[in-house]
Structure formats: structure tokens, C-alpha cells
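One letter stands for each residue in the lines below.
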Amino acid sequence: MRASRILAALVTAVALTGSLAACTSTVSMDAADDANDPLCADVIVRLPGTIDGQDRRWTDAQATGAWGDPDAAILLTCGVTPPGPTEARCITIGGVDWVVDESEAPKYRITTYGRTPAVEVFLDNEVVGSNNVLDRLGPIVSGAIPAESACVDSESVLPDEG
């Protein structure tokens, strides 16, 4: 009799654990071309459990991270192609230069500039503050991927003489 109660309790515990795990589904993402770069592994192992009040979720692709439930408000992908020179806005937050794609505002695609491999963050600015997110991720990125170059304001570039 005692063994059947223990077995029933164990089955109930497993069922509850399974139903709790089902509350937060895995975020489906695509790995970037250079996701297998060892520097991406250095970034991913340092990612925090929470960013701007959003809890981290499992992802199904290498070198990715996601935060927020039920919808992921922050998606991170390491190993994307580094952006070249651009007229897009470039900001420095958390010790990292970031190129901001505002074409889907209030959702922003923000990519590290001057670092290889590059890290891309896609965030919903209606749910999280972009400065808070980048301030939290910047030190992680700068601690793992060295800067090769920095953003330059086009107004500060000297004109060609000649």
C-alpha cells in the first residue's frame, strides 16, 4: 500500500513538473552563420537570467538567447555578419558601439559595430527599455568579443583634400 502511494505521488509530481515546464515554451530561432565561433560561446555562457524584468527562456538554436513570456521581448543572436560602414544611427551603451535599425519601430534590430563575430539584439521597446537591455548586455559582449573599430560620426570625418 505504501509503495502505491509513493508511486502515485511520484507520478503526480512528474505530471505537475511537465505542466509547469509547458507554461514557458522554447523560443524558435535560427542560428547565425558564425554561431559556432568560440567567442559566441563566451557570450552565451555569460547571459543573465533576467533583463529589464524579463526572464530568460530556452531557445532551439546555437548562440542565441531570449527573454520574456509569453512573447519574447528580447532576442539575441551571436555570429551574425558584422555591419560595414553605414549611415544608420550608431550609439555607445554599456561600452559597446551598436548600430540601430529603426525600420520596424517600436521593435528595434540593434547590432554590435566593430566586433567579430557580431551580436544582434532584436527587442520590443514597448515591453523593455532599449537602454536598459543594451546596458545589461554591453559588458557581456565587450568582455567576450574585443573591439576592432568604433563608430565614427559622419560629421567628424574630414573631407578628402584632393
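Preceding this paragraph is the structure being described.
Residues numbered from 1 in each chain as written. Predicted model: local features only at pLDDT ≥ 70, side-chain atom pairs only at ≥ 80, totals over all residues. Heavy atoms only, no water.

**Student:** So what exactly am I meant to see when it comes to the overall build of the protein chain here?
**Tutor:** Regarding its fold elements, the protein chain presents three helices and eight strands. Each helix and strand of the protein chain, placed in order from N terminus to C terminus, yields the pattern α-α-β-β-β-β-β-β-β-β-α. Restricting the contact set of the protein chain to residue pairs at least 6 apart, pairs at least 24 apart contribute 58%. Carbon and sulfur atoms make up 52% of the accessible area of the protein chain, which amounts to about 9,600 Å² in all. (Helix = DSSP H or I, 4+ residues; strand = E, 2+ residues; numbered from the N terminus. Contact = heavy atoms within 4.5 Å. Areas by Shrake-Rupley, 256 points an atom, 1.4 Å probe, with all protein chains shown as cover.)

**Student:** Sorry, what's going on with the pairing of strand β6 (residues 96-104) here?
**Tutor:** Consecutive side chains of a regular strand alternate in pointing toward one face of the sheet and then the other. As judged from the four bridges shared by strand β5 (residues 90-93) and β6, these two strands associate in the antiparallel manner. Bridged to threonine 92 within β6 is aspartate 97. In sequence, β5 turns back onto β6 through a hairpin of two residues, with glycine 94 there showing a positive phi of about 65°. Sheet topology note: the β6/strand β7 (residues 107-112) ladder contains five bridges and is antiparallel. Directly across from aspartate 101, in β7, lies its bridge partner arginine 109. (Pairing = 2+ DSSP bridges.)

**Student:** It is not clear to me how the environment of leucine 75 should be interpreted in this structure. Could you clarify?
**Tutor:** Turning to its location among the elements, leucine 75 is positioned in strand β4 (residues 74-80). Linking leucine 75 and leucine 123, residues 48 residues apart in sequence, is a C-alpha distance of 6.3 Å. Setting aside its immediate chain neighbours within four residues, leucine 75 contacts Val27, Met29, Gly65, Ala66, Glu120, Val121 and Phe122.

**Student:** Before we go on, may I ask you to explain unusual backbone geometry in this structure?
**Tutor:** Peptide bonds are trans in most cases, and residues, glycine excluded, mostly fall at negative phi. Of the consecutive residues aspartate 69 and proline 70, the connecting peptide bond is found in the cis state with omega at 15°. Tracing the backbone through its elements, the reader meets proline 70 in the loop between β3 (64-67) and β4. Following alanine 105, the chain continues into proline 106 via a peptide bond in cis, with omega recorded as 15°. Topologically, proline 106 is positioned in the loop between β6 and β7. Even without glycine at this site, aspartate 52 takes up a positive phi of about 50°. Its place among the elements puts aspartate 52 in the loop between β1 (50-51) and β2 (54-57). Aspartate 52 gets classed as partly exposed once you look at its relative accessible area, which sits at 33%. The phi torsion at alanine 63 lies on the positive side, around 60°, for a residue other than glycine. Looking at where alanine 63 falls in the secondary structure, it is placed in the loop between β2 and β3. Accessibility expressed as a relative area gives 10% for alanine 63, which makes it buried. (Buried < 20%, exposed > 50% of the residue type's maximum accessible area, 1.4 Å probe, protein only.)

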